[in-house]
Amino acid sequence: MAATTMRATAAGGALLLALLLLSTNVARAEDPYVFMEWHVTYGTKTLLGGVPQKVILINGEFPGPRINCSSNNNIVINVFNELDQPLLFTWNGIQHRKNSWQDGVPGTNCPVVPGTNFTYHWQPKDQIGTFFYFPSIGMQRAVGGHGLISVDSRLLIPVPFDPPADDLQVLIGDWYTKDHAVMAKLLDTGKSPGRPAGVLINGKGGPEAANPPMFTFEAGKTYRLRICNVGIKASLNFRMQGHDMRLVEMDGSHTLQDSYDSLDVHVGHCLSVLVDADQKPADYLMVASTRFIVNPSSVSAVIRYVGSNTPPAANVPEPPAGWAWSINQWRSFRWNLSASAARPNPQGSYH
Ligand SMILES: *[C@@H]1O[C@H](CO)[C@@H](O)[C@H](O)[C@H]1NC(C)=O
Ligand SMILES: *[C@@H]1O[C@H](CO)[C@@H](O)[C@H](O)[C@H]1NC(C)=O
Ligand SMILES: *[C@@H]1O[C@H](CO)[C@@H](O)[C@H](O)[C@H]1NC(C)=O
């Protein structure tokens, strides 16, 4: 009798233990993983002024692959450095929350030696929003290796706007046609790399950026544009024919949704806008132009409404003038303090 009871108790204990283990496992369930494998190589592209030049590709892509993830995801990227130089990625904006020593800054992180690979592992904590990555040493960022990081809110977190019809990448930046090693040498000897040769949008410049159309809108729908200035030097003004932009997110936080007809985007800066496709079906120009430098340059891409057979109007909206405009616009940006979003809290908790 006693032995049977003992056995029963032991079995019960084992069951309880199993249940306990199971529940702690559930409670500690890891956040989802996003795995990527990147092969970083040189390539040749003719981007501006018909000059073929050396660029940095990731898996053959320029700009590099977009990272789509949700807050708290584990991002694991196995990077193969197939360049002839050390390579160090920085996950711009992500490192500011201090949740990873793998911030890609020389000093805390060693570069990946040519011909070898290294696996980055980081988590965007409660940083919803728009960021980008780039190679942080040797002026490599001047010739590519960059791409968008798009962090969505986890499903249970409310977002202060309806899901858009599409979520579009708009990487804009000034562009030099010089070799990055030449630019690095100029800077190392105290010289300026000079003025940019032009502006790119999603890795395209000149007439190539406008033809074929880069974006498609369906009348009556609303689109999210994730805009980053991935350039080296020039602030850019971004605007569209016939469409206002509702600012909804900036550098990882939701903002009050004010409307703008153009936005200055500074180097390293990212933001999201919502755009209503509320115009008559036609083609419309999207323009990014340099600010605050002599000999301004710009790039235009085309948004084509479904069913459009009307080319873009010839008049491109005028850029704003002067510094004061930019500073005043900057001062108009406000966090939406009642929306769930990242706050400057390195522990990664929601408020
Ligand atoms: C290099 O890549 C191999 C093959 O994918 C992988 O098993 C290894 O862990 C990687 N090494 C580093 C240091 O990330
Ligand atoms: C990322 O998300 C956007 C918007 O939903 C989608 O268009 C794009 O194909 C996705 N890219 C990747 C690499 O998953
Ligand atoms: C701010 O966020 C709250 C909560 O999501 C939302 O209800 C409200 O409409 C937002 N306000 C603005 C001005 O965007």
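Look up: the structure comes first, before these words.
My aim in this report is to walk through the structure given alongside it, one point at a time.

About the cut-offs
Residues numbered from 1 in each chain as written. Chains lettered and ligands numbered in written order. Predicted model: local features only at pLDDT ≥ 70, side-chain atom pairs only at ≥ 80, totals over all residues. Heavy atoms only, no water. Near = heavy atom within 4 Å. Polar contact = N/O pair within 3.5 Å; in protein donor to acceptor, adjacent residues only side chain to side chain. Areas by Shrake-Rupley, 256 points an atom, 1.4 Å probe, with all protein chains shown as cover. 1 Å grid on protein atoms, 1.4 Å probe; cavity = no way out; pocket = protein on both sides within 12 Å on 5 of 7 lines; lining within 4 Å. Points joined across faces, edges and corners; volume = space filled by probe spheres on them. Helix = DSSP H or I, 4+ residues; strand = E, 2+ residues; numbered from the N terminus. Nonpolar A, V, L, I, M, F, W, Y, C, P; charged D, E, K, R; others polar. Domains from an automatic or database assignment. Contact = heavy atoms within 4.5 Å. Disulfide = S-S within 2.5 Å. Buried < 20%, exposed > 50% of the residue type's maximum accessible area, 1.4 Å probe, protein only. Arc of directions from axis to C-beta. Phe/Tyr/Trp six-rings, centres within 6.5 Å; stacked < 30°, edge-to-face > 60°. Lys NZ or Arg CZ within 6 Å of the ring centre and 35° of its normal.

Here we come to the site of ligand 2. Around ligand 2 sit Arg66, Asn68 and Asp167, and those are all the residues in its vicinity. Within the side chain of Asn68, an N or O atom sits 2.5 Å from an oxygen atom of ligand 2. Protein contacts shield 40% of the accessible area of ligand 2, which totals 360 Å² for the unbound molecule.

Tallying each qualifying case throughout the model produces two cavities of 30 Å³ or more. A volume near 110 Å³ is recorded for the largest cavity. Around the largest cavity, the lining comprises 17 residues; the ones closest to its centre are His146, Gly173, Asp174, Trp175 and Val230. The element contributing the most residues to the lining of the largest cavity is strand E9 (residues 166-175), with five residues. Considering only residue class, the lining of the largest cavity consists of 10 nonpolar, five polar and two charged. Both of domain 1 (33-152) and domain 2 (166-332) provide at least three residues apiece to the lining of the largest cavity.

Right, let's get into unusual backbone geometry. Residue Phe62 is joined to Pro63 through a cis peptide bond whose omega torsion reads -5°. Mapping Pro63 onto the fold places it in the loop between strand E2 (52-58) and strand E3 (67-70). The omega torsion of the bond from Asn211 to Pro212 falls at 5°, within 30 degrees of zero and hence cis. By the element assignment, Pro212 lies in the loop between helix H3 (206-210) and strand E11 (215-217). Within the chain, Phe292 stands out as a residue other than glycine whose phi angle is a positive 60°. Along the polypeptide, Phe292 turns up in the loop between strand E19 (283-290) and strand E20 (298-305).

Take the environment of Lys178 next. Here Lys178 shows up in the loop between E9 and helix H2 (180-188). Spatially, the C-alpha atom of Lys178 lies 9.2 Å from that of Pro196, the residues being 18 residues apart in sequence. Each residue touching Lys178, except ones within four places of it in the same chain, is listed here: Gln53, Val143, Met183, Leu186, Pro193 and Gly194. From its side chain, Lys178 meets the backbone oxygen of Pro193 in a polar contact 2.7 Å long.

Let us look at the state of the cysteines. What makes a disulfide is a covalent bond joining the sulfur atoms belonging to two cysteines. Applying the stated criterion across every chain, the model contains one disulfide. Between Cys228 and Cys270 runs a disulfide, and the two sulfur atoms are separated by 2.1 Å. Disulfide Cys228 to Cys270: torsion about the S-S bond roughly 110°, handedness right-handed. Residue Cys228 is found in strand E12 (residues 222-229), and its partner Cys270 is found in strand E18 (residues 270-276); the two are separated by 42 residues along the sequence. Cys228 gets classed as buried once you look at its relative accessible area, which sits at 0%.

Time to look at H2. Every buried residue of H2 is accounted for by His180, Met183, Ala184 and Leu186. Buried positions in H2, seen along its axis, are confined to an arc of 160° and lie on one side of it. Turned more than 90 degrees off the buried face of H2, the exposed positions are Lys185 and Asp188. The inward-facing, buried residues of H2 abut strand E1 (33-46) and E2. Taking the backbone nitrogen of Ala181 as reference, a side-chain oxygen 2.8 Å away marks Asp179 as the first, capping residue of H2. With its phi angle positive at about 80°, Gly190 sits one or two positions after the end of H2.

Now for the packing of aromatic side chains. Under the definition given, this model contains 19 aromatic pairs. Their ring planes at 15° and their centres at 5.4 Å tell us that Tyr33 and Phe35 sit as a pair that is stacked. Residue class for Phe35 comes out exposed when judged on its relative accessible area of 62%. Between Phe132 and Phe134, the aromatic rings sit 5.5 Å apart at their centres with planes inclined by 35°, giving tilted as the arrangement. Phe134 shares its class with Phe132; the two are buried. Here the aromatic residues Trp38, Phe89, Trp91, Phe118, Tyr120, Trp122 and Tyr133 are joined through ring pairs into a cluster of three or more. It is Lys54 that lies over the ring of Tyr42; its NZ or CZ is 4.4 Å from the centre. Above the face of the Phe134 ring, Arg141 is positioned so that its terminal group lies 4.1 Å from the ring centre.

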